[in-house]
Amino acid sequence: MSSLLQVRDLRKSFGGVAATDGVTLDIHKGELHAIIGPNGAGKTTLIAQLSGALRPDSGVILYNGANITRRPPHRRARLGITRSFQITSLVMEMSVLDNVALAVQARDGHSFRFIRAARKIAHLRERARETLREVGLETRADAPTAELSHGEHRQLEIAVALATGAEMMLLDEPMAGLGGTDSARMIDFLKRLKGTRTILLIEHDMDAVFALADRISVLVYGRIIATGSPDEIRGNADVRHAYLGEE
Amino acid sequence: MKTPLQAMTKTGWITAAVLLLLGVVPPLLMWMGNEFYLLLSTRLVILAVAAVSLNLILGYGGMASFGHAAFIGIGAYAMGIPVYHEFYGGAEAIASTNGWFQIGLAVGASALFALITGAISLRTKGVYFIMITMAFAQMVFYLFQSLDEYGGDDGLVIEMRSELPWINLDDPLQMYFLAFGTLLVTMLLVHLIVNSRFGMVLRVAKGNDERVVTLGYNTYLYRLTAYVIAGVIAGFAGWMMANFSSFISPSMTGWTRSGDLMFMVILGGTATALGPVLGAAAFVLIEEALSSVTVYWNLPFGLMLIGVVLFARGGLLGMLHGRRGDK
């Protein structure tokens, strides 16, 4: 299998603390790769470096073979890497459709267009609606985003990422704060999404991770201590000791 | 199917009513022999143009520029300096009373200043942005102050208003309608911009920069573009201001002037089409009323502003509307 994203010896320190301490990682094209680890393991710091929000101290990130270590986040997005946020970052005052349409607009040429009303551009609205249909939110398209439930917000968050047309999606705890039913719906949804995109999933919910992931990497204190299939990870002694054993 | 009239929102009606009042009442007062109010309204409308332009970056773009008056000064000096040289010689290349030439100079200089200072200022955020825009404006202030040939600190009386075809700026009514027409065009332009694809990016980036960047937008370039557009409009307002008052001075660019513009936008209601116009109107009228009562008019005026900021979130328009102004 070919690697879409390659991370080589990535390091990032804050003060004396090594949040990312020599991470090497390969994400294969089309797989759903989960990263698990205890709180403070450096998962969010890692995702921020992959999306470009944080610049690593050293190390290399390759995407499709191209070195993107120093590329700013908007250029990475143009290359096909996007992320969702752990804390919902939707525009609450705008409609659900508006939120998705802005993402569609991002891959529809440049947006230095000043006169025509964005909400009246049919193909942007239509493609945004299609994406909402894909995630099962089409009936909520015209609702103000603030009126959606927390579960719907999480779904919309992913719809926005999908609408950018990204090939690689970095999902930062999409299950965060979801109750039983919503959580099951999200797992279902990610199962359907799986295979159509390359997904790097950071998640606390172990049931979700073991149900979804093709491969799992375990991050502890900024280091990857093991990578393998869900079964291999379950059986790994180090992992049990460092992480799963604590439960 | 709704007719356009039925589809008009309450805010739309208020906007139409206020603009109609502005278009009709001052000329009517002039016609009744009360020129003073026409002149007051002209100043009001010119400041409203600048406030509307500031609202594009402050209200919609989240860029709290504390240096917007710099553009008014640049526009005004771009009008005054060519006229000065036309009358007193020197600097042949720019000596002119031609309105088009002066407007070109005002717009070009404003755009260049906005591009350079914006490119630097927009590297910062929050309080730093406020401070750096203010610092750049103060640079302009001290530059004008140091120009002894153009009156230095005292400023310069302009010998002749700009010459334009079909329009005579010495006629107060024509001057007023030029300013009022500019206000209408500016409001329309800003309305189109904020609802365009460009505007969507700008508005969402205001609160969710990281999100918008993650979608693939270089938000810096969008902000910079908005900053230049706002600067150019304010520069044009400065050209009008110089024509209106036949006088230019460094104080036009002072930081308190920038503060006034900021107050107008916040007072009227940020990120609304009409807000800055209401704010400018309230500002100019209350200033006029209070200063005729007491020389200490700044004190009650300041208290009023604090009151609006504390108790009328969404500004005057929000109060009229009964809720936060429209999106």
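Quantities reported herein were computed from a predicted structural model and do not represent experimental measurements. (Residues numbered from 1 in each chain as written. Chains lettered and ligands numbered in written order. Predicted model: local features only at pLDDT ≥ 70, side-chain atom pairs only at ≥ 80, totals over all residues. Heavy atoms only, no water.)

Asker: So what's going on with the interface of chain B and chain A? Which residues, and what values?
Answerer: Counting residues at the interface gives 25 residues for chain B, matched by 34 residues for chain A. For the pair chain B and chain A, the summed buried surface comes to about 2,800 Å²; carbon and sulfur atoms form 63% of the total. On the chain B side of the contact with chain A, B:R197, B:R211 and B:L215 bury the most area, a combined 30% of that side's loss. Counting across the chain B and chain A interface gives three salt bridges. Two residues, B:R197 and A:D108, come together in a salt bridge whose shortest N-O distance is 3.9 Å. At the boundary of chain B and chain A, one finds 15 residue pairs in polar contact (both at pLDDT 80 or more). Contributions of two or more residues to the side of chain B that touches chain A are made by α7 (172-195), α8 (197-207), α9 (209-214) and α10 (219-245) of chain B. If one sorts the elements of the side of chain B that touches chain A by residue count, α8(B) sits on top with six residues. Looking at the side of chain B that touches chain A, its residues break down into 13 nonpolar, seven polar and five charged. (Contact = heavy atoms within 4.5 Å. Buried area = accessible area lost by both parts, 1.4 Å probe. Salt bridge = Lys/Arg side-chain N within 4 Å of Asp/Glu carboxyl O. Polar contact = N/O pair within 3.5 Å; in protein donor to acceptor, adjacent residues only side chain to side chain. Helix = DSSP H or I, 4+ residues; strand = E, 2+ residues; numbered from the N terminus. Nonpolar A, V, L, I, M, F, W, Y, C, P; charged D, E, K, R; others polar.)

Asker: Please give an account of the sheet that holds strand β4 (residues 58-63) of chain A that cites residues and values.
Answerer: Residues and elements named next belong to chain A. Taken in spatial order, the four strands make up an open sheet running β2-β1-β4-β5, and their pairing is antiparallel. Two strands close off the open sheet at either side, each with one partner strand: β2 (17-28) and β5 (66-67). Direction of pairing for β4 relative to β5: antiparallel, over a ladder of two bridges. In the strand pairing of β5, L62 is matched with N67. (Pairing = 2+ DSSP bridges.)

Asker: Go over the pairing of β2(A), please, and point to the residues and values.
Answerer: Residue and element names in this part refer to chain A. Pairing geometry for strand β1 (residues 3-14) and β2, over nine bridges, is antiparallel. Following the sheet pairing, S13 is matched in β2 by A18. Turn length for the β1-β2 hairpin, with the two strands adjacent in sequence and antiparallel, is two residues, and the turn residue G15 shows positive phi of about 60 degrees.

Asker: For the layout of surface pockets, give the residues involved together with the corresponding values.
Answerer: All names here are of chain B. Reported here for the second largest pocket is a volume of approximately 670 Å³. What lines the second largest pocket is a set of 35 residues, and nearest its centre among them are L122, K125, D209, T219 and R223. A per-class count over the lining of the second largest pocket returns 14 nonpolar, eleven polar and ten charged. (1 Å grid on protein atoms, 1.4 Å probe; cavity = no way out; pocket = protein on both sides within 12 Å on 5 of 7 lines; lining within 4 Å. Points joined across faces, edges and corners; volume = space filled by probe spheres on them.)

Asker: An account of the pairing of strand β7 (residues 168-172) of chain A is needed here, citing residue identities and associated values.
Answerer: Residues and elements named next belong to chain A. A large share of β7 lies buried, amounting to five of its five residues. The alternating pattern of β7 places M168, L170 and D172 and M169 and L171 on opposite faces, both of which are buried. In the sheet, strand β6 (residues 81-83) pairs with β7 via three bridges, with the strands oriented parallel. Among the inter-strand pairings, R83 is bridged to a residue of β7, identified as L170. Here β7 runs beside strand β8 (residues 198-202); their pairing, made up of five bridges, is parallel. (Buried < 20%, exposed > 50% of the residue type's maximum accessible area, 1.4 Å probe, protein only.)

Asker: Report on helix α4 (residues 122-135) of chain A, specifying residues and quantitative values.
Answerer: Residue and element names in this part refer to chain A. Compared with an ideal rise of 1.5 Å per residue, which puts 14 residues at 20 Å, α4 spans 20 Å between its outermost C-alpha atoms and is within 8% of the ideal. Those residues of α4 lying buried are L124, R125, A128, T131, L132 and V135. For α4, the arc enclosing every buried residue in end-on projection is 120 degrees, short of the 170-degree limit, so these residues lie on one face. (Expected span 1.5 Å × (residues − 1). Arc of directions from axis to C-beta.)

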